[in-house]
Amino acid sequence: MTQKNHFQGRLGSYIEVLTEDGSSTFTSQYFAENCHSTGGAFEETVHNYIEQCRIELLLAKKIECAVLDVGFGMGIGLYSILKKIEQLKNNSAFDVKTKKFNYYTVELDDLLALSSLQKIKEAFKLNDDDFNLHVLFLNIQREGPPYKGLIKIPLNFCAIKLDIFLFLGNARQTLTFDPDQNPQFHAIFQDAFSPKKNPQLWTVEWFQTLKNYSAQDVILSTYSASVSIRKSLLEAGFMLYNTKGFKHKKTMTVASLNPITEDFKHKYTSIDADILRSKIESLKDLPTYLLA
Ligand SMILES: C[S@@+](CC[C@H](N)C(=O)[O-])C[C@H]1O[C@@H](n2cnc3c(N)ncnc32)[C@H](O)[C@@H]1O
């Protein structure tokens, strides 16, 4: 593990750290935490989100699908989705059904989001006709207050119309939809910083919001295996499953609204009863008078 460059974002600096699979992660100065496991930023994202949320199955079955990535950060969630699409499109035996892919994401640090999208554009050698970041660039000025609100960025990728809905600012305020525009998420990558550092994105109320915007066959996946987080998910109305975490991590959490019955390559153990019995409490939002 070697340290490299740093990036100056809106929330302070990010130190680049090379991880074991050759991809990089950032250590956020503001949150004092790494964005990914040093065991492999890309491989961890694939294990935790692409596989658990069954992105391959969505691409095989849904003409239109919707994914929410909680915490855009370095954009490795989006990068991994694009890699998966590219891989399946190059496989003549695989029929990609998806024509429209709605990718929703939230991010506090607008400068980080812009820089990460620029890197994705370079990595996939996308031109301005297929992926234009000009509007985002104009809205985000280094000087002045950070941009808050939704910016939609269309991306034409391997014959799929992939719309990026980027909600900048605090997701607890920005992620709202009119009732007739419910996104109906099929997959949720719950990838905020740890509950200790980033509590607002782990409460019962936050998970209730996510549930309200989800399709009945949604799968939410998270690296966290903490009992209080699991209890928050349960109280919000999700069913809970335990599965093997990335590399040396023993467990992680997969949550759904329908029971997970299909035989899949990962082993899922239902844990609702255990969590219900536990005396550990769920996380709740602070009363509004305590939120500055
Ligand atoms: C662990 S990192 C996500 C890494 C990202 N999924 C990736 O693969 O690069 C968590 C991200 O959530 C963002 N974040 C934290 N709290 C937030 C909030 N309240 N609203 C929106 N974004 C938030 C942080 O700025 C950070 O970029």
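Scroll up to find the structure this text is about.
Note that this is a predicted model, so its numbers are computed, not measured.

### Comments concerning the overall build of the chain
(1) Moving on: Counting secondary structure elements, the chain contains nine helices and 13 strands.
(2) Moving on: Relative to the compact-globule value of 19 Å for 292 residues, the chain shows a C-alpha radius of gyration of 18 Å, a close match.
(3) Moving on: Summarising its shape, the C-alpha atoms of the chain cover approximately 55 × 50 × 45 Å along the three principal directions.
(4) Moving on: Out of the 292 residues in the chain, the part that is buried amounts to 36%.

### Examining the sheet that holds strand β8 (residues 160-168)
(1) Moving on: Taken in spatial order, the nine strands line up as β7-β8-β6-β5-β9-β10-β12-β11-β13 in an open sheet, and their pairing is mixed. Bordering the open sheet on either side are β7 (149-157) and β13 (269-270), each of which pairs with just one other strand.
(2) Moving on: Bridge count for strand β11 (residues 239-243) against β13 is two bridges, and the pairing is antiparallel. From the neighbouring strand, Tyr241 faces β13, where its bridge partner is Ser270.

### Considering the pairing of strand β9 (residues 185-190)
(1) Moving on: When you tally the buried positions in β9, you get six out of six residues, the bulk of the element.
(2) Moving on: When β9 meets strand β10 (residues 214-222), the two strands line up parallel, connected through five bridges. Opposite Phe189, over in β10, you have Ser221 as the bridge partner.
(3) Moving on: You can see the chain leave β9, run along helix α7 (residues 204-212) and come back into β10, and the turn it takes is right-handed.

### Digging into the nonpolar core
(1) Moving on: Val67, Ala187 and Ile188 are the most contacted members of the largest nonpolar core, which has 66 residues in total.
(2) Moving on: In this structure Ala187 touches Cys53, Ile55, Leu58, Val67, Val218 and Ile219, once residues within four positions along its chain are discounted.

### A word on unusual backbone geometry
(1) Moving on: A positive phi angle is found at Arg54, which is not glycine, with a value near 55°.
(2) Moving on: With phi around 50°, Lys247 is a residue other than glycine that occupies positive phi space.

### Quick look at the packing of helix α1 (residues 41-51) against helix α3 (residues 76-89)
(1) Moving on: Axis separation between α1 and α3 bottoms out at 10 Å; the angle between their running directions is 75°. The pairing of α1 with α3 is recorded here as roughly perpendicular in orientation. Where α1 abuts α3, its residues Ala41, Phe42, Thr45, Val46, Tyr49 and Ile50 lie against Ile76, Gly77, Ser80, Ile81 and Lys84.
(2) Moving on: Across the contact of α1 with α3, the residue classes break down as seven nonpolar, three polar and one charged.

### Focus: the pairing of β11
(1) Moving on: Examined bridge by bridge, β11 and strand β12 (residues 252-256) share five bridges and lie antiparallel to one another. Its bridge partner being in β12, Asn242 is matched across the sheet by Thr253.

### Quick notes on α7
(1) Moving on: Taken together, the buried positions of α7 are Trp206, Phe207 and Leu210. One face of α7 carries all of its buried residues, which in axial projection span an arc of 95°.
(2) Moving on: On the buried face of α7, the contacting elements are α6 (171-174), β9, β10 and α8 (227-236).

### Thoughts on the packing of α7 against α8
(1) Moving on: Orientation of α7 relative to α8, taken along the N-to-C sense of each, is 45°, at an axis distance of 8 Å. In terms of axis orientation, α7 runs oblique to α8. When the axes of α7 and α8 are compared, the crossing they make is right-handed. Two secondary-structure elements touch here, α7 through Val204, Phe207, Gln208 and Lys211 and α8 through Ser232, Leu233, Glu235 and Ala236.
(2) Moving on: In terms of residue class, the contact of α7 with α8 is built from four nonpolar, two polar and two charged.

### Topic: the environment of Lys152
(1) Moving on: Along the chain, Lys152 turns up in strand β7.
(2) Moving on: Separated by 67 residues in sequence, Lys152 and Ile85 have C-alpha atoms that sit 20 Å apart.
(3) Moving on: The contacts of Lys152, once residues within four sequence positions are left out, are Asp163 and Phe165.

### Digging into helix α4 (residues 110-123)
(1) Moving on: For α4, built from 14 residues, the straight-helix expectation of 20 Å at 1.5 Å per residue is met to within 8% by its first-to-last C-alpha distance of 20 Å.
(2) Moving on: Once α4 finishes, Lys125 follows within two positions and takes phi at roughly 50°, a positive value.

### Re the environment of Asp21
(1) Moving on: Its place among the elements puts Asp21 in the loop between β2 (12-18) and β3 (24-28).
(2) Moving on: The exposure class of Asp21 is partly exposed, given the 17 C-beta atoms found within 10 Å.
(3) Moving on: For Asp21 and Ala41, which are 20 residues apart along the polypeptide, the C-alpha to C-alpha distance reads 7.3 Å.
(4) Moving on: With residues up to four places along the chain from it excluded, the contact list for Asp21 reads Gly40, Phe42 and Glu43.

The rules behind the values
Residues numbered from 1 in each chain as written. Predicted model: local features only at pLDDT ≥ 70, side-chain atom pairs only at ≥ 80, totals over all residues. Helix = DSSP H or I, 4+ residues; strand = E, 2+ residues; numbered from the N terminus. Rg over C-alpha atoms; globule rule 2.2 N^0.38 Å. Buried ≥ 20, exposed ≤ 12 C-beta atoms within 10 Å, placed from the backbone. Pairing = 2+ DSSP bridges. Right-handed = clockwise from strand over helix to strand, strands pointing away. Core = buried A, V, L, I, M, F, W, Y, C linked by C-beta atoms within 7 Å. Contact = placed C-beta atoms within 7 Å. Axes fitted to C-alpha atoms, helices over the stretch in contact; angles between N-to-C directions. Parallel < 35°, antiparallel > 145°, perpendicular 65-115°, else oblique. Nonpolar A, V, L, I, M, F, W, Y, C, P; charged D, E, K, R; others polar. Arc of directions from axis to C-beta. Left-handed = near helix turned anticlockwise from the far one by under 90°. Expected span 1.5 Å × (residues − 1).

It is worth stressing that arrangement in space is one thing and function is another; only the former is reported here.
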